[in-house]
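Breakdown of the fold
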Amino acid sequence: MLGIDLGATKVVSGLVAPDGTIVHHSGRHLHANDGPGGVIRSLVRSARACLDEAAAPPKAIGVAVAAQVDPRTGTVVHAPNLGWRDVPLARRIAAELGGTVYVVNDARAAAFAEWRLGAGKGVDDVFCLTLGTGVGGSAVVGGRLLEGGTHALGEVGHMTIVVGGRRCHCPNWGCLEAYVGGWAIAERAQEAVRLDAAAGTALVQRAGRVEAITAQTVFLAHRTGDALAGRLVRDTERYLADGVVGIVNAFNPSLLIVGGGLVAGMPTFLPVIESAIRARCQPSAAGARVVRARLGEDAALVGAAEMARAPARPR
Ligand SMILES: [Zn+2]
């Protein structure tokens, strides 16, 4: 099966074996301002480089895109990073490569891979929480990946955890993401440094200037024992715990899988959210286990290929 991961700056294709192993890989850098025509040409070239290595042409191709998509029609509804609206991606790829093309949101595809082949294998009720620049989620309930009316189910980063709280990048205030998203950790750190320059010395030294402080700056300073960075990480874990209690009460997963680029920077977050679940969730839901995601950066590519193959994919 062929899986393709179309991001804002690169496209990666891979031949994926039934166990999720990538047999052959091919990547290309993209320029979003090439428009859909140029980007799709790069995608097709990357896919052909893999197909040349395939023993037989795959019956279906799965494409994960960092975008709002309609998986039933294969249309990219809105891809802000690519500047696309209503691009019939499945149809245009099928015209070049043949076969059936299945298009899915990249976070959804990664969650599908984690459920079918990674940390959630064999479990029917799973919630995958992704902590990166943004915060998102995907729910598997009764062995079925939920999609929602406009395929946007699981936007748990945008549930309010602080009434009248911080401005989010979405139209709401006080969202979970506005506290624990990568951009929000950076914002909170910069504010804390402006309030107390002495406490922020290590962060500013590391970043060069206040505006350049990122979540990674905070995590690295925390590792060396910086007090302000430590406070920021502990606060982040507490906000995260507040959000997770709501998620577990709402979706009642047996297993909560937490992944994304921020996870490595917060070494103690797992026990913090696990104890919050035990102490503060409804007793009926409080037994949920918490684990780290197992698949790495190829999860979306593998998930897209797996969804193209699997009869259990959402429709
Ligand atoms: Zn929001």
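Scroll up to find the structure this text is about.
What comes next is a walk through the structure. (Residues numbered from 1 in each chain as written. Predicted model: local features only at pLDDT ≥ 70, side-chain atom pairs only at ≥ 80, totals over all residues. Heavy atoms only, no water.)

Quick look at the coordination of the zinc ion
The zinc ion binds to the protein through His158 (ND1), Cys168 (SG), Cys170 (SG) and Cys175 (SG); the donor distances cover 2.1 to 2.3 Å. Around the zinc ion, the four donor atoms sit at angles spanning 103 to 123°, and that spread fits a shape best called tetrahedral. Mapped onto the sequence, the residues coordinating the zinc ion show the spacing H-x9-C-x1-C-x4-C. The two residues Cys170 and Cys175 agree in class, both being buried. (Donors = N, O, S within 2.8 Å, 3.2 Å for Na, K, Ca; no water. Tetrahedral: all angles 85-135°; square planar, octahedral: opposite > 155°, others 65-115°. Buried < 20%, exposed > 50% of the residue type's maximum accessible area, 1.4 Å probe, protein only.)

Examining the pattern of salt bridges
Applying the stated criterion across every chain yields a total of twelve salt bridges. Taking the shortest distance from any N to any O, the salt bridge between Asp242 and Arg280 comes out at 2.7 Å. Residue Asp242 is located in helix 8 (residues 227-251), and its partner Arg280 is located in helix 9 (residues 269-280); the two are separated by 38 residues in the primary sequence. Judged by its relative accessible area of 34%, Asp242 falls in the partly exposed class. Here Arg280 falls in the partly exposed class, since its relative accessible area comes to 44%. (Salt bridge = Lys/Arg side-chain N within 4 Å of Asp/Glu carboxyl O. Helix = DSSP H or I, 4+ residues; strand = E, 2+ residues; numbered from the N terminus.)

A closer look at the sheet that holds strand 1 (residues 2-6)
Within a sheet, neighbouring strands are paired by backbone hydrogen bonds and run either parallel or antiparallel to one another. Read across the sheet, five strands follow the order 3-2-1-4-8 without closing on themselves; strand pairing throughout is mixed. Every other strand in the sheet has two partners, leaving strand 3 (22-29) and strand 8 (100-105) as the edge strands with one partner each. Strand-to-strand, the axes of this sheet are offset by a mean angle of 15°, without reference to chain direction. Bridge count for strand 1 against strand 2 (residues 10-16) is five bridges, and the pairing is antiparallel. Following the sheet pairing, Gly3 is matched in strand 2 by Gly14. Taken strand by strand, helix 1 (residues 35-51) contacts strand 1, strand 2, strand 3 and strand 4 (60-65), and its axis lies near 25° from that of strand 2. (Pairing = 2+ DSSP bridges. Axes fitted to C-alpha atoms, helices over the stretch in contact; angles between N-to-C directions. Contact = heavy atoms within 4.5 Å.)

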